[in-house]
Amino acid sequence: MGSWIDAVSTLLFKYPPRAFARGDLVVAPVMPIAVLIVAALLLVAIVAVTHFSLRTLKGRDRAVLAVLRTVTILLIIGCLLRPGLVIASAVPQRNVLAVLYDDSRSMRIRDTDRSGTPGTNTTSSDAASRLDAMQAVFSDSSALIRQLGEKFALRRFRFSGAAVPMRGSGEVAAAGTRSDLAQALDDVREDLSGMPLAGVVLVSDGADNGQGALDDALLALRARRVPVYTVGVGRERFERDIAIERVDAPRRTLAGASSVVEIDVRLRGVGKEPVALTVEADGRVVATETVHPPTRGDLATLQVRVPPLDPGVHRLAVRARPLPSEIVTENNEWQTSMTVRAGPDRVLYLEGEPRPEFAFLRRAVASDSALLVVGLMRSAERKFLRLGVRDSLELLGGFPTTREELYQYRALILGSIEASFFTPEQLRMLADFVSVRGGGLLVLGGRASLSEGGYAGTPLADVLPLTLTRSEVNAEGPAISVAIRPTRAGESHPALQLGASLAASRTKWDSLPALTMVNRLGALRAGATQLLAGRTEDGRSDVPVLAWQRYGRGMSAVLGVQDSWIWRMDTSIPVTDQTHQTFWRQMVRWIVEDAPAPFEVIASPTRVAPGEPVQLRAQVNTPLYADVNDATVAATVTGPDGQVQTIPLEWSLRDDGSYSARFTPTDTGRYAIEASAQRPGAGRDSVQTTRATVLVDERGADVAHAELRASLLRRIAEETGGKYYPLNDASRLADDAVYTDAGVTVREANDLWDMPAVFLLLALLLGAEWGYRRWRGLA
């Protein structure tokens, strides 16, 4: 359809539509424009006078004939203006055109025919793969490549992650497990930076799952005025498919408790039948779940609770049984890894007065071997009750006065303790504990906390997710009863799951008794998230109860109630009910989970195919979390066959304390990474170690979104001044690519007054006038 329209447009207007889109309209009149305007006005006036003075004609006839004659005159005057089109076009054989071939495994999907037309019956035996269809149109001997080769010097690349130069299209094997469009476009731009690059042709299904910033890559191309012509391969929609599109599992967690894994599943063509999912850990089924087709749309989200796993690195796999005649089965599985930390993680809980919350909170998490809540309660002036300390010297003088003492904890819980209890330096330490150390901070409601505790205007106020107002310390105000319910964000938050499923958790929240609040909580800060809301007895339903935000390296949260222990002691709560214990174990695990160690290493991506590079990035800090730029950092990588290689990591000039390196796995299986860092001039005791893992397999990660993403390819083309083509319409590319402002170009002015459309319009106007006279009997 598009090629037919282009052919007709070229026949009528001399040039293809892309020439008009890229060119500039100009005029070169045969005489001064003022003279032509005067002549036009004079002729139009003569026509008006002569036609409207003919009283023998009816008014309608005079008007029609006058309009036809006037338009004819104006058309002739327009031709005398000699309109033209100035077009910048590439000089033949003086420019480079890059052709990028998608080399990812999603190109093996059989959902088209060899002409590139998406098949309606793709399950038949004659269906071709996307790779076959691409090769038919873009092979070295194809007509399109020959036409492009006559006009440009072609440079061919294949990509899944990085773009790799190649001699011929036969090197494309569709073996990569991901598609990184941003990195591929950046690599081509950098490799051809010294050449007159006229454009880039990107042939892909658009299954982009790379780590790079696509906006930055497009901006760099747009700055060089390099257009990207995108060619889409495959079908935009599968009528029958099960696709696990996202698995959100904690990257690291504590031992001894279950983990919540959130899964997005796209269901098409399954009818009303439920689909069974299994979750495996190291090849062993640890959880099963049934997902029902959603009533609206085709995307279903569910949460699966994975039972406690032993400390170490585990390989998690989520699988769904394929449907009969399903086109793509690779997207029925998603694999990731999860590191289970043995603990115990130490949490400091400070209370300014004896109250039940202190005892019940510590008792709730006492059975969790991965958590140790160290209690510090002020019992009198300068006297403290210390519980869970390592030795008789820990916290002997009360709250830590140095960062060395404070930073040994991964999280802090502040109860009803006024701001004046802390020195100004301790308040700054609290803020740095979150932003610099990366710890978790939870502030509980109470008569001496938050605004009522005088924290407004202190360094800690900016850390909290809710704004504080200045208020009288220890204000004696009435307690407000609030019935607590999760917000939409809170319903799916792992820390607030009180049941085996979302529905069970929602039911449990609805059954809990109301709690009380004595603090006036302000508005949410920008970027903060509210997880629990309260409904008061007077009908208010938007009272913030639990909110949190990221701050620097860490996180902070406010739980505005003062008596969560009611969920354990209320008469409506059965003696055997574990809701209170579950709530606090999950809350404390949440605030310690992401607190970093002084030395960490991250492998990205965590799942690759053999032959694809893995980026290792380490962050090195002192015990006080100051960045270290002169450390010696190395990683020992052990492959599945037992072979060991040592890789030095170099300091990144961009980020303090950051070190990076790359390695390329060659075999399938799990690669164990053990990294070490040592500061110069320090002894052996300063050596820090950490571990990571990488999964290497042949199953493509990019097939999770295996349908043709035409919208993404159109965006790439539009933002760079290129054009998008379906594969079966790519033949137009050879003519369109010539019109470019990049590379070595020549600007030509082409006349438009002699377009066939002009003469056709002139003939139609004269014929219409004559025909109207004949019809009305005036000729």
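First, a word on what this report is: a plain description of the structure on this page.

What to know about the overall build of the chain
In step 1: A tally of regular secondary structure across the chain gives 18 helices and 37 strands.
In step 2: Taking 779 residues into account, the globule formula puts the C-alpha radius of gyration at 28 Å, and the chain, at 35 Å, lies well above it.
In step 3: In terms of overall dimensions, the chain has a C-alpha envelope of 115 × 70 × 60 Å along the principal axes.
In step 4: The 779 residues of the chain split such that 51% are buried.
In step 5: Here the contacts in the chain between residues at least 6 apart in sequence split such that 73% fall between residues at least 24 apart.
In step 6: Of the roughly 35,100 Å² of accessible surface on the chain, a fraction of 54% belongs to carbon and sulfur atoms.

Some points on the packing of helix α4 (residues 59-80) against helix α18 (residues 756-776)
In step 1: Here α4 crosses α18 at 160°, and the two axes come no closer than 10 Å. Classified by the interaxial angle, the pair formed by α4 and α18 is roughly antiparallel. Considering only the axes of α4 and α18, their crossing is left-handed. Residue-level contacts link Arg60, Asp61, Val64, Leu65, Leu68, Arg69, Val71, Thr72, Leu75, Ile76 and Cys79 of α4 to Val758, Leu761, Leu762, Leu765, Leu766, Ala768, Glu769, Tyr772, Arg773 and Arg776 of α18.
In step 2: Across the contact of α4 with α18, the residue classes break down as 14 nonpolar, 1 polar and 6 charged.

Section: the pairing of strand β35 (residues 688-696)
In step 1: The buried fraction of β35 is high, at 7 of 9 residues.
In step 2: In the sheet, strand β29 (residues 607-608) pairs with β35 via 2 bridges, with the strands oriented parallel. Along β35, the bridge assignment pairs Val608 with Val696.

A short note on the packing of aromatic side chains
In step 1: Taken as a whole and assessed by the stated rule, the structure comprises 15 aromatic pairs.
In step 2: Both rings, one in Phe663 and one in Tyr671, keep their centres 6.1 Å apart while their planes meet at 45°; by these two values the pair is tilted.
In step 3: Residue class for Tyr671 comes out buried when judged on its relative accessible area of 5%.
In step 4: Taken together through their ring pairs, the aromatic side chains of Phe384, Phe399, Phe421 and Phe422 make up a single cluster.
In step 5: A cation sits over an aromatic face here: Arg363 above Phe360, 5.0 Å from the ring centre.

Here we look at the sheet that holds strand β18 (residues 345-351)
In step 1: Reading across from one edge, β20-β19-β18-β21-β22-β27-β26-β25-β23-β24 is the order of the 10 strands in this open sheet, with mixed pairing throughout. Sheet topology places β20 (383-387) and β24 (515-517) at the edges, where each strand pairs with a single neighbour. Mean inter-strand twist for the sheet, computed between neighbouring axes without regard to direction, equals 25°.
In step 2: Relative to the sheet, helix α9 (residues 356-365) contacts β18, β19 (371-380), β20, β21 (411-414) and β22 (440-444), its axis offset from that of β19 by approximately 165°.

Notes on the sheet that holds strand β14 (residues 284-291)
In step 1: With mixed pairing, 5 strands are arranged side by side in an open sheet as β11-β17-β16-β13-β14. Each edge of the open sheet carries a strand with a single partner, namely β11 (252-254) and β14. Taking each pair of neighbouring strands and ignoring which way they run, the sheet shows an average axis angle of 30°.
In step 2: The pairing of β11 with strand β17 (residues 333-341) spans 3 bridges and is classified as parallel. Within the sheet, the bridge partner assigned to Leu254 lies in β17 and is Arg341.
In step 3: Helix-sheet contacts for helix α15 (residues 579-593) involve β11 and β17, and the interaxial angle to β11 is about 140°.

Focus: the layout of surface pockets
In step 1: In this structure, the second largest pocket occupies an estimated 790 Å³ of space.
In step 2: Taken together, 36 residues line the second largest pocket, and the ones lying closest to its centre are His493, Pro494, Ala495, Trp590 and Glu593.
In step 3: For the lining of the second largest pocket, the elements supplying multiple residues, two or more each, are β12 (259-268), β15 (299-306), β26 (543-551), β27 (554-559) and α15.
In step 4: A total of 8 residues in the lining of the second largest pocket trace back to one element, the largest contributor, which is α15.
In step 5: Partitioning the lining of the second largest pocket into residue classes produces 13 nonpolar, 14 polar and 9 charged.

Points about the pairing of strand β10 (residues 241-248)
In step 1: Of all 8 residues that make up β10, 6 are buried, and the element is covered over most of its length.
In step 2: By the bridge criterion, 7 bridges tie β10 to β12 in an arrangement that is antiparallel. Across the sheet, residue Ile244 finds its bridge partner in β12, namely Val265.

Section: the environment of Leu766
In step 1: Mapped onto the elements, Leu766 comes out in helix α18.
In step 2: Expressed as a C-alpha distance, the spacing of Leu766 and Leu12, which sit 754 residues apart in the sequence, is 19 Å.

A closer look at the environment of Pro478
In step 1: Mapped onto the elements of the fold, Pro478 is located in the loop between β22 and β23 (480-486).
In step 2: The exposure class assigned to Pro478 is exposed, which follows from its relative accessible area of 72%.
In step 3: Each C-alpha atom of the pair Pro478 and Met517 lies 8.7 Å from the other, and the pair is 39 residues apart in sequence.

Focus on the pattern of salt bridges
In step 1: Counted under the stated rule, the structure contains 40 salt bridges.
In step 2: Residue Arg189 is joined to Asp186 by a salt bridge in which the shortest nitrogen-to-oxygen separation is 3.1 Å. In this pair, Arg189 and Asp186 both sit in helix α7 (residues 181-191), 3 residues apart, roughly one turn of the helix.
In step 3: Note that Arg670 and Asp282 form a salt bridge whose closest N and O atoms lie 2.9 Å from each other. In this pair, Arg670 sits in strand β34 (residues 669-678) while Asp282 sits in the loop between β13 (275-281) and β14, placing the two residues 388 residues apart along the sequence.
In step 4: Classification of Asp282 by relative accessible area gives partly exposed; the value is 40%.
In step 5: Through salt bridges with shared partners, one network takes in Arg237, Glu245, Arg266, Arg268 and Asp298.

Side note on helix α3 (residues 33-52)
In step 1: Here α3 is 20 residues long and its end C-alpha atoms lie 28 Å apart, about the 28 Å a rise of 1.5 Å per residue gives.
In step 2: For α3, the set of buried residues is Leu36, Ala40, Val47 and His51. The buried residues of α3 occupy one face: seen down the axis, they fall within an arc of 40°. Facing away from the buried surface of α3 by more than 90 degrees, the exposed residues are Ala34, Val38, Leu41, Leu42 and Val49.
In step 3: In this structure, the buried side of α3 is in contact with α4 and α18.

Overview of helix α16 (residues 710-720)
In step 1: Along α16, the residues that are buried comprise Ala710, Leu712, Leu713, Ile716, Ala717 and Thr720. Buried positions in α16, seen along its axis, are confined to an arc of 170° and lie on one side of it. Turned more than 90 degrees from where α16 packs its buried face, Ser711 and Glu718 sit exposed.
In step 2: Structurally, α16 contributes buried residues whose contacts are with α7, β8 (197-204), α8 (214-223), β9 (228-232) and β36 (724-726).
In step 3: Note on α16: the residue one or two positions beyond its end, Gly721, has a positive phi of about 85°.

Reading the values: rules and limits
Residues numbered from 1 in each chain as written. Predicted model: local features only at pLDDT ≥ 70, side-chain atom pairs only at ≥ 80, totals over all residues. Heavy atoms only, no water. Helix = DSSP H or I, 4+ residues; strand = E, 2+ residues; numbered from the N terminus. Rg over C-alpha atoms; globule rule 2.2 N^0.38 Å. Buried < 20%, exposed > 50% of the residue type's maximum accessible area, 1.4 Å probe, protein only. Contact = heavy atoms within 4.5 Å. Areas by Shrake-Rupley, 256 points an atom, 1.4 Å probe, with all protein chains shown as cover. Axes fitted to C-alpha atoms, helices over the stretch in contact; angles between N-to-C directions. Parallel < 35°, antiparallel > 145°, perpendicular 65-115°, else oblique. Left-handed = near helix turned anticlockwise from the far one by under 90°. Nonpolar A, V, L, I, M, F, W, Y, C, P; charged D, E, K, R; others polar. Pairing = 2+ DSSP bridges. Phe/Tyr/Trp six-rings, centres within 6.5 Å; stacked < 30°, edge-to-face > 60°. Lys NZ or Arg CZ within 6 Å of the ring centre and 35° of its normal. 1 Å grid on protein atoms, 1.4 Å probe; cavity = no way out; pocket = protein on both sides within 12 Å on 5 of 7 lines; lining within 4 Å. Points joined across faces, edges and corners; volume = space filled by probe spheres on them. Salt bridge = Lys/Arg side-chain N within 4 Å of Asp/Glu carboxyl O. Expected span 1.5 Å × (residues − 1). Arc of directions from axis to C-beta.

Note that all results are geometric; they support no functional claim without further evidence.
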